[in-house]
Every structure is written in structure tokens, then in C-alpha cells.
Amino acid sequence: MIAVLDYGIGNLRSAEKALQHVGSDARLVSDPARVADAEGVVLPGVGSFGPCARALRDSGLASAALDAIARGTPFLGICIGFQLLYEGSEEDPDQPGLGVLPGMVRALPRGVKHPQMQWNVLDRVAGHESGLLAGTPDPAWVYFVHSFAPEMTSDTTSTCDYGGPITASAERGPLWGTQFHPEKSGSVGLGILGNFAREVAGTRPGVSARPVTGRPAPPGTGS
Amino acid sequence: MRTVRVIPCLDVDAGRVVKGIRFVDLFDAGDPVELAARYNAQGADELVFLDITASSDHRRTMVDVVSRTAEQVFIPFTVGGGVRSVEDARRLLRAGADKVGINTAAVERPELISEIATEFGAQCVVVAIDARRRPAPDGDGEGVAWEVFTHGGRTSTGMDAVHWAERCATIGAGEILLTSMDRDGTRDGFDLALTRRVSDSCPVPLIASGGVGELDHLVAGAVEGAADAVLAASIFHLGEFTVGEAKDHLAAAGVAVRPA
């Protein structure tokens, strides 16, 4: 089962339906206890960083998400759900993120319309293996709606050009994230969600499990 | 890179897609979910559904259309018509819409824009503006202005459309859907002066609407009108052009689009 975390923000159905369309057993989950049973976790999010961060904590799903990441459960953050993986955002400096990926979320460059609300092409970061983007066409067109994006770090696996290079996706081990909306990116997006579904299917429950001790260290190799 | 979106618009009346001329004289153009799937397959970047009658019965029909579309169409879509409250917006978003369009209710109570933006994010608030040319007030060098109309174009408001678009963006609109009532259904092309004025003064993305009869009109909307997205209905519904042909035409004219 892939748990699509339902913390009361916006339209979560599209992520659930798109995952089901690629053959996953995706379900909206609002009970933190049920996240532990999931073989994969998706953290969607729309709107703005602060309200999403608050709602995620208030729902109890923030700690459930951290526990899942610590166990090495395949995890996909989408849009604001992706941004929440970082330490914080310029959009709401008082609200910390989950901090499982190093770096901050920054405003898009000046001189271009905010939000970026359009389809754009992914530019793959050279030399970075990407399970998320495996098999995607070149060029790969995906749909963005955002005014902020994580800064580029060693985890960044693709960018798009919008007044300069902007982080479009990042990966660190089984922890994946997309600034764009794969669930709204037509066949390219469904392919990306299919990659995540296969990552989840390849994870045998228990193999990567380890005891959870409070706030986890970032998975994968340190930067 | 700025890419221009091509958006087929589906005016829905009692569960059927219809199309009119200058907001009247409707004809039947098909089943909304079938058309949505067809345009998705043709490479549409987004879809807009407008519930043009929006009585309470029809609202339930619309939620069903939205829900069935969301099962099979994985591109963004906006639903407008009869959205008068945060609860109306919630119902459509929960059914699977990505954005809600608000028009008359936003004019009557602009706080609704902020309320929906606060609850669900500005990215899902599309303010639809129906504008009609009028003689310019004194002092306008270009000799023309546009007035906002509501209630499907039946009610004049006295409000200036360019100023209203700017205000909407300030209070929480994530996007403006601007329809020229003078051009709607005429196939004479967008009102480019209107489109340009709003695009230049309004900081959020602009969808140009009303008047597309040939593919060059789409190019003009994107280039001279500086629209971020171009919306059309009859050229697609009547099967004159596919969305793919529209995009090929835009690309050939040098407008960056996602290829179909």
C-alpha cells in the first residue's frame, strides 16, 4: 500500500487517482498509525509552505513521515510536499520544514511571472543517477505551479529554466521529490509515478527496517 | 523558458458541452468527459469547464462531470460557474478539480477571492472576468476602456476590467481568465488591446479568451496580446482543428509550446 498523506490540504485526490492509474494500491491516509504499514509514502501539498508545514505537524503525520523516511521507506514529496523535506522556506521563515534534505526553499528569480504556472522541460543533472526520471523521454515536459523552489544542492537531479535554473527534482536514496506535479503531467508524469510504484514494489517490507530513534539522520550518504 | 498553454474550454449546460455566440444561441457540442479525454489525447495543456447555468441541480451534475474527468484525465483542469463560497470551491476541488473559477461572486464579494486563496492556495483561484468595450473615460489616451460584466454577461458593473484584474491579483487570484464579450463566439480573434493591457498590468498569469476562429488568432494572443495561455472552444469542438494542429501552428510562429 502507498499512503498518500491526507493532512487536510487541497486536492489530494489527483495524486491518489494517478497512482492508482499506474497500478498502485494508493490510499489517502490521515491516521499516523497507518503510515507504518505503508510500503511507500507520498507527501503532496499545494498552497503555501507555512500552512502546509503547520497542518502536517498538527495532524501528527509529520512524525509519521519522518519515521517512514528513517526506515528507508520509498518516499515521494510533490510540490509543497517536496519543499517540506528541506530545512525551511523563505515563504514562511518561522515554520521549519522536516529537514531531511539539506537546504532552503527560495523565491523564484525576479523578472518572471510568479507563480510559474506552465509546462516546462526537465534538464537532467549530469552524472546523477535518477530512479525517479528513469525512462522519461527527452525532452520531458512536466507541469509546474509554484512561486518558490528548493535551492540546488547535490541532491538535485533535474532543473528547469525559469529566469534561470530552478530545482525540479531531487533524490537521496529512496527519498524522492518533485517541484512539478507528476499527477498532472500527462503521460510523462504517469511514467514518473510508475517509477515510484516500481521502487515501492521492489522494497520488501522489513528488509530495510531499522529501529527509529527520534529525529532521523538524513538517509543515504551525507553531503 | 516561458511556454504558452493551449486550453480548450468546455461550456457545460445540464451535463452537455454547448457553445454560443456572444453568450447566447447555444448549440450542443458533446459529452464533457469524452471531449476532455479527446483534448487530453491531442495534447491540451489544461482544460477549463464552465458551468454556464449553474442552478443547484446542475451543480451536482457538474461535480459528477469533474469526478469522472479526474478519473481519466491527468492534466490540470479548472472548473467555474456558480462558485459562491469556500464550500462550493471545496466540493469541486475534492471531486478532482485543480482550480476553481469565480466570476460574479468575486465581483459581489471580493473577499471570497482571499478566502479561497487562504484555504486552498492562490494557485487554485482563477478569477474569470467578462469584459466589454466602452468609450474611454476622459484622460485615456487610447480612447478605449473595458467594463466588467457579471451574471453571464447580463449585468453591467461599472467597474474597469484592467483595474479589477490588478486588484484580483493583489487579493489572492493565482490566474486571470479574461473573456472579451465583444469577441466571444464571433471568430474574429481576441480583443488584443484588452489582452495586452491586462497582461502588462497584472502580475499573475493571464488566459486570453473570446473570439478565436483561426489558428493565427492564437499566435496573436500569445505575441501581441502577451497572454500566458490561449483558450478556445468552437474551433476544437467543431473539429476544425485539433489541439495538436494549434500547437504546431504556434510553434511554427516562434511561440514556445509543449509539443502535442
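Please read all numbers here as calculations on a predicted model, not as lab measurements. (Residues numbered from 1 in each chain as written. Chains lettered and ligands numbered in written order. Predicted model: local features only at pLDDT ≥ 70, side-chain atom pairs only at ≥ 80, totals over all residues. Heavy atoms only, no water.)

> It is not clear to me how the overall build of chain A should be interpreted in this structure. Could you clarify?
A tally of helices and strands in chain A yields six helices and 13 strands. Taking 223 residues into account, the globule formula puts the C-alpha radius of gyration at 17 Å, and chain A, at 16 Å, falls close to it. Dimensions along the principal axes, computed over C-alpha positions, put chain A at roughly 45 × 40 × 35 Å. Of the contacts made within chain A by residues no fewer than 6 positions apart, 72% connect residues no fewer than 24 positions apart. When the accessible surface of chain A is summed, it comes to about 8300 Å², and 51% of that surface belongs to carbon and sulfur atoms. Between the centroid of the 17 positive side chains of chain A and the centroid of its 22 negative side chains there is a distance of 3 Å. (Helix = DSSP H or I, 4+ residues; strand = E, 2+ residues; numbered from the N terminus. Rg over C-alpha atoms; globule rule 2.2 N^0.38 Å. Contact = heavy atoms within 4.5 Å. Areas by Shrake-Rupley, 256 points an atom, 1.4 Å probe, with all protein chains shown as cover. Lys, Arg positive; Asp, Glu negative; His and termini not counted. Charge placed at Lys NZ, Arg CZ, Asp CG, Glu CD.)

> Where do I start with the overall build of chain B in this structure?
Across its full length, chain B carries 10 helices and 12 strands. Taken over the C-alpha trace, chain B has a radius of gyration of 17 Å; the compact-globule value for 260 residues is 18 Å, and the two agree within 12%. Along the first, second and third principal axes, the C-alpha set of chain B runs to 50 × 45 × 40 Å. Evaluated residue by residue, chain B yields a buried proportion of 60% over its 260 residues. Across chain B, contacts joining residues at least 24 apart in sequence account for 65% of those joining residues at least 6 apart. (Buried < 20%, exposed > 50% of the residue type's maximum accessible area, 1.4 Å probe, protein only.)

> Would you take a moment to explain helix H1 (residues 32-41) of chain B for this structure?
An α-helical turn contains 3.6 residues, so a residue and the one three or four places further along point in the same direction. All names here are of chain B. Taken as a whole, H1 has its buried residues at Pro-32, Val-33, Leu-35, Ala-36 and Tyr-39. One face of H1 carries all of its buried residues, which in axial projection span an arc of 160°. Within H1, the exposed residues directed more than 90 degrees away from the buried face are Glu-34 and Ala-41. Among the residues trailing H1, Gly-43 stands out with phi positive, at a value near 100°. (Arc of directions from axis to C-beta.)

> Sorry, what's going on with the interface of chain A and chain B here?
Often, the extent of an interface is quoted as the loss of accessible area on bringing the components together. Contacts between the two partners involve 27 residues from chain A, matched on the other side by 36 residues from chain B. With both sides pooled, the region where chain A packs onto chain B buries about 2500 Å², and carbon together with sulfur makes up 55% of that total. For chain A, the biggest contributors to the area lost against chain B are Lys-113, Met-117 and Trp-119 of chain A; these three give 27% of the whole. Our count for the contact surface shared by chain A and chain B stands at three salt bridges. One salt bridge connects Lys-17 of chain A with Glu-71 of chain B, and the closest N-O pair in it is separated by 3.9 Å. Connecting chain A to chain B are 15 residue pairs in polar contact (both at pLDDT 80 or more). Within the residue set of the side of chain A that touches chain B, elements represented by two or more residues are helix H1 (13-21), strand E7 (116-121), strand E9 (141-146) and helix H6 (186-201) of chain A. (Buried area = accessible area lost by both parts, 1.4 Å probe. Salt bridge = Lys/Arg side-chain N within 4 Å of Asp/Glu carboxyl O. Polar contact = N/O pair within 3.5 Å; in protein donor to acceptor, adjacent residues only side chain to side chain.)

> Got a minute to help me understand the layout of surface pockets in this structure?
Take a probe with the size of a water molecule and roll it over the atoms, and the empty space left behind shows itself. Looking at the second largest pocket, its volume works out to about 340 Å³. Gly-47, Glu-91 and Ser-147 of chain A together with Ala-122 and Gln-123 of chain B are the residues nearest the centre of the second largest pocket, which is lined by 25 residues in total. Looking at the lining of the second largest pocket, the element that brings in the most residues is helix H5 (residues 111-120) of chain B, giving three residues. Across the lining of the second largest pocket, the residue classes break down as 12 nonpolar, 12 polar and one charged. (1 Å grid on protein atoms, 1.4 Å probe; cavity = no way out; pocket = protein on both sides within 12 Å on 5 of 7 lines; lining within 4 Å. Points joined across faces, edges and corners; volume = space filled by probe spheres on them. Nonpolar A, V, L, I, M, F, W, Y, C, P; charged D, E, K, R; others polar.)

> Can you walk me through the nonpolar core in this structure?
Side chains of nonpolar character tend, in soluble globular proteins, to be buried together. Among the nonpolar cores identified, the biggest contains 83 residues, and Ile-116, Val-127 and Ile-176 of chain B are the most heavily contacted of them. Residue contributions to this core peak at six residues, all from helix H6 (residues 161-171) of chain B. Not counting the four nearest positions on each side in its chain, Val-127 of chain B is found in contact with Ile-102, Ala-106, Ile-113, Trp-164, Cys-168, Ala-173, Glu-175, Ile-176 and Leu-177 of chain B. Ala-18, Leu-56 and Ala-62 of chain A together with Phe-74 of chain B belong to the second largest nonpolar core, which has 69 residues in total. (Core = buried A, V, L, I, M, F, W, Y, C linked by side-chain atoms within 4.5 Å.)

> Please clarify how the packing of aromatic side chains should be interpreted in this entry.
Within a pair of aromatic rings, the relevant descriptors are the distance that separates the centres and the angle that separates the planes. The final tally for this structure, using the stated rule, is six aromatic pairs over all chains. Pairing Phe-82 of chain A with Tyr-86 of chain A gives two aromatic rings, centres 5.4 Å apart and planes at 80°, and the pair type is edge-to-face. We note that Phe-82 of chain A, like Tyr-86 of chain A, is buried. Ring centres of Trp-176 of chain A and Phe-196 of chain A lie 5.9 Å apart, and the angle between their planes is 65°; this geometry places the pair in the edge-to-face category. Pair noted here: Trp-176 of chain A is in strand E13 (residues 175-178) and Phe-196 of chain A is in helix H6, with a separation of 20 residues, a long-range link. A residue is classified by how much of its surface remains accessible, and Trp-176 of chain A, at 3% relative accessible area, is buried. Using a relative accessible area of 0% as the deciding quantity, one classes Phe-196 of chain A as buried. When the ring centre of Trp-119 of chain A is taken as origin, the NZ or CZ atom of Arg-258 of chain B, which lies over that ring, is 3.5 Å away. (Phe/Tyr/Trp six-rings, centres within 6.5 Å; stacked < 30°, edge-to-face > 60°. Lys NZ or Arg CZ within 6 Å of the ring centre and 35° of its normal.)

> Looking at this model, I keep getting lost on empty space enclosed by the protein. Mind explaining?
Residue and element names in this part refer to chain B. In this structure the tally under the stated criterion is four cavities of 30 Å³ or more. Roughly 200 Å³ of volume is contained in the largest cavity. Considering only residue class, the lining of the largest cavity consists of seven nonpolar, five polar and four charged. Considered as a void within the structure, the second largest cavity measures approximately 80 Å³ in volume. Surrounding the second largest cavity, Asp-51, Arg-59, Met-62, Val-63, Val-79, Gly-80, Gly-81, Gly-82, Val-83, Asp-88, Arg-91 and Leu-92 form its lining. Secondary-structure elements contributing two or more residues to the lining of the second largest cavity are helix H2 (56-72), strand E5 (77-80) and helix H3 (86-95). When its residues are assigned to classes, the lining of the second largest cavity shows five nonpolar, three polar and four charged.

> Would you mind showing me how to read the sheet that holds strand E8 (residues 123-124) of chain A here?
The strands making up a sheet are joined through hydrogen bonds of the backbone, oriented either antiparallel or parallel. Residues and elements named next belong to chain A. Taken in spatial order, the eight strands make up an open sheet running E2-E1-E3-E4-E13-E12-E11-E8, and their pairing is mixed. Only two strands of the sheet have a single neighbouring strand rather than two, namely strand E2 (26-29) and E8. In this sheet, strand E3 (residues 40-43) lies alongside strand E1 (residues 2-5) in parallel orientation, the contact comprising three bridges. The partner of Ile-2 across the bridge, within E3, is Gly-40. Packed onto the sheet, H1 meets E1, E2 and E3 and runs at close to 155° relative to E2. (Pairing = 2+ DSSP bridges. Axes fitted to C-alpha atoms, helices over the stretch in contact; angles between N-to-C directions.)

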